[in-house]
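Geometric and topological summary
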Amino acid sequence: MARFFKKRIENQGMPPGSLIFIGTQKVETPFIKYRDFNARELNLEKVLDTEELPQPKKHKTQWYNVIGLHDTQFMEKVSSRLHIHPLAMEDVMNTGQRAKFEEFNEHLFITLKMLRFQEDELMVNSEQISFILNHDFLATFQEADGDTFDPIRSRLQRNKGMIRNSGPDYLTYALLDSIVDNYIYLIESMGEKIDDLELKVLDNTEKDILRQINAYKRELHFILKVVKPVRELLANLIKSQSVFIRQEQVLPYFKDLEGLVTHAIESVETYRTLLTDYLTLYHSGMSTKMNDIMKVLTIFSAIFIPLSFFAGVYGTNFQNLPELEYEYSYFIFWGVMVSMAVGMLFYFKQKDWF
Amino acid sequence: MARFFKKRIENQGMPPGSLIFIGTQKVETPFIKYRDFNARELNLEKVLDTEELPQPKKHKTQWYNVIGLHDTQFMEKVSSRLHIHPLAMEDVMNTGQRAKFEEFNEHLFITLKMLRFQEDELMVNSEQISFILNHDFLATFQEADGDTFDPIRSRLQRNKGMIRNSGPDYLTYALLDSIVDNYIYLIESMGEKIDDLELKVLDNTEKDILRQINAYKRELHFILKVVKPVRELLANLIKSQSVFIRQEQVLPYFKDLEGLVTHAIESVETYRTLLTDYLTLYHSGMSTKMNDIMKVLTIFSAIFIPLSFFAGVYGTNFQNLPELEYEYSYFIFWGVMVSMAVGMLFYFKQKDWF
Amino acid sequence: MARFFKKRIENQGMPPGSLIFIGTQKVETPFIKYRDFNARELNLEKVLDTEELPQPKKHKTQWYNVIGLHDTQFMEKVSSRLHIHPLAMEDVMNTGQRAKFEEFNEHLFITLKMLRFQEDELMVNSEQISFILNHDFLATFQEADGDTFDPIRSRLQRNKGMIRNSGPDYLTYALLDSIVDNYIYLIESMGEKIDDLELKVLDNTEKDILRQINAYKRELHFILKVVKPVRELLANLIKSQSVFIRQEQVLPYFKDLEGLVTHAIESVETYRTLLTDYLTLYHSGMSTKMNDIMKVLTIFSAIFIPLSFFAGVYGTNFQNLPELEYEYSYFIFWGVMVSMAVGMLFYFKQKDWF
Amino acid sequence: MARFFKKRIENQGMPPGSLIFIGTQKVETPFIKYRDFNARELNLEKVLDTEELPQPKKHKTQWYNVIGLHDTQFMEKVSSRLHIHPLAMEDVMNTGQRAKFEEFNEHLFITLKMLRFQEDELMVNSEQISFILNHDFLATFQEADGDTFDPIRSRLQRNKGMIRNSGPDYLTYALLDSIVDNYIYLIESMGEKIDDLELKVLDNTEKDILRQINAYKRELHFILKVVKPVRELLANLIKSQSVFIRQEQVLPYFKDLEGLVTHAIESVETYRTLLTDYLTLYHSGMSTKMNDIMKVLTIFSAIFIPLSFFAGVYGTNFQNLPELEYEYSYFIFWGVMVSMAVGMLFYFKQKDWF
Amino acid sequence: MARFFKKRIENQGMPPGSLIFIGTQKVETPFIKYRDFNARELNLEKVLDTEELPQPKKHKTQWYNVIGLHDTQFMEKVSSRLHIHPLAMEDVMNTGQRAKFEEFNEHLFITLKMLRFQEDELMVNSEQISFILNHDFLATFQEADGDTFDPIRSRLQRNKGMIRNSGPDYLTYALLDSIVDNYIYLIESMGEKIDDLELKVLDNTEKDILRQINAYKRELHFILKVVKPVRELLANLIKSQSVFIRQEQVLPYFKDLEGLVTHAIESVETYRTLLTDYLTLYHSGMSTKMNDIMKVLTIFSAIFIPLSFFAGVYGTNFQNLPELEYEYSYFIFWGVMVSMAVGMLFYFKQKDWF
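Residues numbered from 1 in each chain as written. Chains lettered and ligands numbered in written order. Predicted model: local features only at pLDDT ≥ 70, side-chain atom pairs only at ≥ 80, totals over all residues. Heavy atoms only, no water.

1. A closer look at the interface of chain B and chain C
With 66 residues of chain B in contact, the opposing surface of chain C contributes 57 residues. Our count for the contact surface shared by chain B and chain C stands at four salt bridges. The residue Lys217(C) makes a salt bridge to Asp277(B) at a minimum N-O spacing of 3.2 Å. Our enumeration of links across chain B and chain C arrives at 15 residue pairs in polar contact (both at pLDDT 80 or more). Those elements that place two or more of their residues in the side of chain B that touches chain C are α3 (150–158), α4 (168–203), α6 (251–313) and α7 (329–350) of chain B. (Contact = heavy atoms within 4.5 Å. Salt bridge = Lys/Arg side-chain N within 4 Å of Asp/Glu carboxyl O. Polar contact = N/O pair within 3.5 Å; in protein donor to acceptor, adjacent residues only side chain to side chain. Helix = DSSP H or I, 4+ residues; strand = E, 2+ residues; numbered from the N terminus.)

As structure tokens, then:
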């Protein structure tokens, strides 16, 4: 679970407010995918240097998609070009951030995590994404060149939905919506696997069922740690009544999103409860199995240990042992032995042991 | 538990605000059961095309009962005819919705789930129903032609209660009331079955008791996930002070309903607690049984294993073994054996083992 | 636990607002114990017909004590005579109600449950009682002719305390107080029995201790379900600032009552915690017992099974078995056997097994 | 846990507002320790009759320390002399009260419990103390002549701290502070004992460890039930903004006290968590022990039971049993037996069983 | 866990408001590291006597770093020199304080704990640090000459970041930030160790795993007890809107810090959940092991106990035992024995026992 805070430890004692990258470098060179658009036209450029950034255009929405956060100098240039508050910039570069929403005079700041499920390792990974937006532009900051936003990009291209007619606030919503959609996809993918576990637990066929239940529990816990602050973030955004988000046209979409996140969180809680129930089932199964083993042991022991004693008695070498001489002793002995065994079996049968 | 969100996954990345059906098609062709009524007259029509919808009449309450949600074009027509907000319409068509109440300028929006208990499979199914209402009309949207509302329909027909004299707000209440009544019916039906489980657990007669307890727990969890948001919905509706709901005449009924839902939720919690207690009982029963098995094993072993040893001793072939030659040895041997066995039995009796 | 909602199920789909009795008929014919009083005089009449009810008198408090709720016609007469709101009347007649307080223009409405403990069956039963009060009168509705209020009645008779000088609000308080007193009596009666359980659990003497613990848990849960809404009820009543309750003279008494109910709820929680602790104790006791049984088994087995083997060895019929011929073999054999047994006993003693 | 409400049960049905003593009489005759003081002089009198009480003096703080609550007549005299509200007086005399703060027009009312730990019985006892204060005087009511306040009394005597210069509000604070100090002392005393339990649990040396853990849990629960309402009491007092407590000079002290009580409650929670952890540890220890016992049993059985069989085979009396005649059979037999035993031991060793 | 309140016990009954040191003396003589600075110059002095303290300078921030709290006289001098409120001063000297924020007219007061992890003993220790700040100065009070603040001190020296340009409020933030950084470092250090435990639990290799899990749980609980009040402290500070903290320039930093503390608390909760999961895993492992042991025992017993009986039968000395005389009896006997054994093995194999 030490997937948070990792590098923060190493930078302990650095002055707050100074730009330091905390995380793992995921791209070679940072770059910006710059887009500006309105209902009529869309312009796309990939720039490696902030100097090359086109001049902001009136009546157009600008989207600065910054990829790669490790280069402090580059980030400082971006920051000064877009007038980003140092505290926001510091959080952008610390990839161990908890999802949050903050209002500054010049812009809004949103940071959260995207999730990716590595099925073969039963492991969920996270990547941080931050949003800086005001009336004119949206700047997003990613660690790597991900593909979660591809549908949004193609919608921009194809001028589909209201996305081209709306400003940075609606664009922000659309991007957040695709992140949350991805949360839900991930949760439900895990959910289906967890549903399948029930039969395995009941049949007790797989050996490492316990390890699997534990792994799912751990990952759901991790997801919850990521998603819960997102609900907080959205609640804060909604109640902030920021001027950068149009209250009439765009806010209802964010409210809708909040409901979706609540739904996602409840699903995670449901699956966690299921897993806990599976554990109980597993343990009950173990107890039942133990009882069955004990019954087998007891039935065999209780039948044959006494019989062995009787055989032992007639194996003694006492000189005066009258039964031995009687002709039908041996057959009577067998008769008694068999009846004792059958009697015991009846007794255990009546006790409902088999 | 993957009974939520199912299709959302597949539509990941669709533009928010676009009408897409998320769910399973349950009727062939969508249609509308149109009713308008006031205290004096009631008119009922079944239309397949929005074009055929009669013109709204003054001083009459209109109820558009839309059945079948999968046909996007049909839904768009309904939506434009009734001036429904796109965000509301999107939620109507997504059957994986969490129950919620939303206020729009033109109308109110309510969505929740109806529940159905399939007793033979120990499985609760849900069907989504949405309400759009303003001063003039109520539109309800269902996936299939259900029968939960039949009593309401017949009350409308028979002009019973205040339902014909009241507007869409009271009609909404009446329909919600019948949904909640159905929740309670379902919960109490399950509750009676759960009550019956107690004896079975105590007697430990049935083999798959654990599987049953688990199934009930899972379904109660599912019910809770459906019903809890309904309380929220009602609380939001009550505190919204919407103009579409008459505060004096109709709001008290919604408050009453909220109390009923609270009661229902508490009942579910009670039954969940009961099931958890049953699990504890079951495990205690298992332990008791294990102890009993162990006692049988131990009594038999502790009595006969030593005796076998002594029989074994006199079965040895040592040439000089004085006891063997003494005439009454064998009988003394038996005497000693029997007293040892009786002694052991007394010891275990005193230990309260049987 | 299906002691709620019972009949509601059967009346599913009835129009809300219509008077239907939901519950079990407990008296043959409904009747009203009518009292009016002030500091100087008290008048008591038992009437079977609302027609016979005396005319309300100025400057006198009227108390209509309605007993028996099943007769719809009778209830309708009472309702119209006292101008009771239909929603309140509906709740009066539904004995599966959750305790609640509601304000109407004409009167206040309170409903809650009285509890009775049937000790021999370890079962708590409830009876619903409702209050309708305004400036002039108090009407109480009971299912049966109970006796919880007898002390209040005799205080009225004996003109003791401030009860004769105060209006319906204080009378309501006095009656609620006696109901809450009864809760506490019941909880503490159960509490004493639960305290006694501890020793039984520790001594593990009684066989059905588990069944008892479970029964107490279930009943405490039921009590909580009844009493918790009463606290809510009182909180709502206090914060309502209704004109029907004198804020200066009478409200402090209701506040006092709220504290008492809080105390009662905390006591129930305490006893529930105790019962859970007992369960843990019980299981620990079971484990200890199991360990003890296993020790006995292991000691006997570990000592005598090896010895039996050695006896077996000298019972073999090998022709060349030198030890058999040696004169003192048998005695040496015994010596070795005894030392082995003693050795084992020392080993187990040192392991602290007995 | 029936240390609350005890007598309330017996007085069920008494009119609310009437003075009845609910509790156990702890002193023979009630009396009042009367003190009045200001910065310059201190006067102390012990009076048995309210008639003898000195006339209140201007510019002096009066402290009426009433000891013994059982004498109704005496209490009524005190009540009328000091103009105490009947509802407050009733609570003073009911020693089963939950800690609370109430504001009356004439005075404030505070009631709470002092705790005493009887170490030898592992039992915490409580004694109720009530405070009535206004601008002029403080009246405290105790069941018995306790000594918790002795340090305060001696500080009054020695004119130490600001206590002599301040009014009844600061005196109240000082007394409450000493009660809370005593809570903390008690909690930490128990805490040290609980800390010591850990080793005992891990070593599993003491037999009645379970009984002890349970007793501590029960007592901590009792303490929590006493202390938690004290935090509420203080919160209510602070937010009441009563005129009887100087907001500038004295209120900060009460706030400080609230923090202390919060700290105390957290400590109790911590110790409760510890005890729960100990229980888990204990059970794990039991399981480990059980496993160890089972291993011993299994090792002995698995080695010697097969060997016994082989010995038995060569003890059979078949006439044609070739091995018996071979000269070295016996030695080979021993060889095989020993190798089998050693083999088994290796097998169990490799399984890490010993 | 008695790492709180330790000395408070001994000082029970001391007048509140009097200066007493509660804690352990950690330095020989108390002293003050005095600094004053602005953007241009920095002055540092170490003084042993408050008399020697330099006169406060205009337009400079003063930082009084008091080390050693045990000397009452020294503390009184500091207190009167800096005009510290007695209640604040009392809390400074009581090292068993819960973290808190308090506003006084003259200054703000903050107290909290620094944590140190002693890895070899699996033990977290705490040291109390208090802050008194107003517009002019910051006074910090430590028990010992710690090094957590060294990075801040060197930043002051090197004039790095905005620390030299800002007042006591930003300095307070910087110091708190370094304390919180240290919390996170500690939590993540423990977290990595806890992550490592999972494999050990699954492999069940280490003997004292249970003791370790318990120790980590205890320490995380302790950390939580320290860190949770810090979040409260920061929330109170933020909502206080104190004039001593510049709302525009400095408050956002404190808000940032609050988010960090929330993150830290969530991490602790995560690790606690992990440990609880490990315990469950451990117990499951124990059960599995027990089952395995039981299987071995049962397989051996169930195979060889019956065989022994048959061997015993043919070891009896009945005179008429026909099988004994038949030539191939012995070989048939072996054949039957081996088939029985093989049959049993098949049976257990089919039961999936090995």
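Read on, since the account is not over.
2. Regarding the packing of helix α2 (residues 72–82) of chain C against helix α3 (residues 86–93) of chain C
Residue and element names in this part refer to chain C. Interhelical geometry of α2 versus α3 gives an angle of 140° and a closest axis separation of 11 Å. Between α2 and α3 the crossing geometry is right-handed. Note on element contacts: α3 touches α2 through Met-89, Val-92 and Met-93, opposite Thr-72, Met-75 and Ser-79. Residues belonging to the contact of α2 with α3 are distributed by class as follows: four nonpolar, two polar and no charged. (Axes fitted to C-alpha atoms, helices over the stretch in contact; angles between N-to-C directions. Left-handed = near helix turned anticlockwise from the far one by under 90°. Nonpolar A, V, L, I, M, F, W, Y, C, P; charged D, E, K, R; others polar.)

3. Remarks on the relation of the copies chain A and chain B
Expressed as a screw operation, the relation of chain A to chain B combines 0.0 Å of axial shift with a rotation of 72°, fitting to an RMSD of 0.0 Å. Seen this way, the second copy is the image of the first under a five-fold rotation axis. Every residue of chain A has its C-alpha some distance from the rotation axis, and the shortest such distance is that of Gly315(A), at 4.6 Å. With a heterologous cut-off of 20% or less, the 17% of interface residues of chain A that recur at the interface of chain B puts this contact in the heterologous class. (Least-squares fit on C-alpha atoms with pLDDT ≥ 70 in both.)

4. A look at the pattern of salt bridges
In this structure the tally under the stated criterion is 86 salt bridges over all chains. The salt bridge partner of Arg218(A) is Glu219(A), with a shortest N-O separation of 3.3 Å. Accessibility classification places Arg218(A) together with Glu219(A) in one group, the buried group. Between Glu232(B) and Arg98(B) there is a salt bridge, with the nearest N and O atoms lying 3.0 Å from each other. Of this pair, Glu232(B) sits in helix α5 (residues 209–240) while Arg98(B) sits in the loop between α2 (86–93) and β4 (100–103); the two residues are 134 residues apart in sequence, bridging distant segments of the chain. (Buried < 20%, exposed > 50% of the residue type's maximum accessible area, 1.4 Å probe, protein only.)

5. What about the pairing of strand β3 (residues 61–67) of chain A?
Residue and element names in this part refer to chain A. Burial within β3 is extensive, with seven of its seven residues counted as buried. Neither face of β3 is exposed, since Thr-61, Trp-63, Asn-65 and Ile-67 on one face and Gln-62, Tyr-64 and Val-66 on the opposite face are all buried. Taken together, the seven bridges between strand β1 (residues 31–37) and β3 define a ladder with antiparallel strand orientation. Bridged to Arg-35 within β3 is Trp-63. (Pairing = 2+ DSSP bridges.)

6. Things to note about the interface of chain A and chain B
Listed as interface residues are 66 residues of chain A and, on the opposing side, 57 residues of chain B. For the pair chain A and chain B, the summed buried area comes to about 5800 Å², and 64% of that belongs to carbon and sulfur atoms. Among the residues chain A hides against chain B, the three largest losses belong to His263(A), Phe309(A) and Phe318(A). Together they make up 13% of the total. Across the pair Asp256(A) and Lys100(B) runs a salt bridge, and its minimum N-O distance is 3.0 Å. Those elements giving two or more residues to the side of chain A that touches chain B turn out to be α3 (150–158), α4 (168–203), α6 (251–313), α7 (322–325) and α8 (329–350) of chain A. When residues of the side of chain A that touches chain B are assigned to their parent elements, the largest contribution, 35 residues, is made by α6(A). (Buried area = accessible area lost by both parts, 1.4 Å probe.)

7. Describing the pairing of strand β6 (residues 123–133) of chain A
Residues and elements named next belong to chain A. For β6, the buried fraction is high: eight of the 11 residues fall into the buried class. Taken together, strand β5 (residues 108–118) and the strand that follows it, β6, pair antiparallel across an intervening segment of four residues, in which Leu-122 is found at a positive phi of about 50°. Turn length for the β6-strand β7 (residues 137–142) hairpin, with the two strands adjacent in sequence and antiparallel, is three residues.

8. Observations concerning the packing of helix α5 (residues 209–240) of chain A against helix α6 (residues 251–313) of chain E
Axis separation between α5(A) and α6(E) bottoms out at 11 Å; the angle between their running directions is 170°. Comparing the axis directions of α5(A) and α6(E) gives the class roughly antiparallel. Taken together, the residues of α6(E) that come into contact with α5(A) (itself represented by Leu210(A), Asn214(A), Lys217(A), Arg218(A), His221(A) and Lys225(A)) are Glu266(E), Ser267(E), Thr270(E), Thr273(E), Leu274(E), Asp277(E), Leu281(E) and Ser284(E). In terms of residue class, the contact of α5(A) with α6(E) is built from three nonpolar, six polar and five charged. (Parallel < 35°, antiparallel > 145°, perpendicular 65-115°, else oblique.)

9. Some remarks on the arrangement of the chains
Across the gap from chain A to chain C, with no contact made, the nearest C-alpha atoms are 9 Å apart. No interface is formed between chain B and chain E, the nearest pair of C-alpha atoms being 9 Å apart.

10. A short note on the sheet that holds strand β2 (residues 42–47) of chain A
Residues and elements named next belong to chain A. On the basis of which strands lie adjacent, the open sheet formed by seven strands has the order β2-β1-β3-β7-β6-β5-β4 and mixed pairing. Each of the sheet's edge strands pairs with one partner strand only, and the pair in question is β2 and β4 (100–103). With strand direction ignored, the average angle separating the axes of adjacent strands in the sheet is 15°. With 11 bridges joining them, β5 and β6 adopt antiparallel strand pairing. The residue of β6 that forms the bridge with Leu-115 is Ser-126. Of the strands in this sheet, β4, β5 and β6 touch α5, which is tilted by about 155° from β5.

11. Some words on the confidence of the model for chain A
All names here are of chain A. Here chain A averages 86 in pLDDT, and 93% of its residues register 70 or above. Across residues 1–10, confidence stays below pLDDT 50; counting only partners more than four residues off in sequence or on other chains, it has 38 contacts. The ipTM assigned to the predicted complex is 0.74, against a pTM of 0.80. (pLDDT = per-residue confidence, 0-100.)

12. Points about the packing of aromatic side chains
One pass over the full model with this rule turns up 100 aromatic pairs over all chains. Where Tyr314(A) meets Phe333(A), the ring centres are 5.8 Å apart and the plane angle is 80°; that geometry is what we call edge-to-face. Of this pair, Tyr314(A) sits in the loop between α6 and α7 while Phe333(A) sits in helix α8; the two residues are 19 residues apart in sequence, bridging distant segments of the chain. Across this residue pair, the class does not change: Tyr314(A) and Phe333(A) are buried. Ring geometry for Tyr173(B) against Phe254(B): centres 5.9 Å apart, planes inclined by 70°, an arrangement best described as edge-to-face. With Tyr173(B) in helix α4 and Phe254(B) in helix α6, the pair connects residues that are 81 residues apart, well separated along the chain. Assigned by exposure class, Tyr173(B) and Phe254(B) land together as buried. (Phe/Tyr/Trp six-rings, centres within 6.5 Å; stacked < 30°, edge-to-face > 60°.)

13. Digging into the relation of the copies chain B and chain C
It takes a turn of 72° to lay chain B on chain C, together with a shift of 0.0 Å along the axis; the resulting RMSD is 0.1 Å. Here only 17% of the interface residues in chain B have copies in chain C that are interface residues too; the copies meet through unlike faces.

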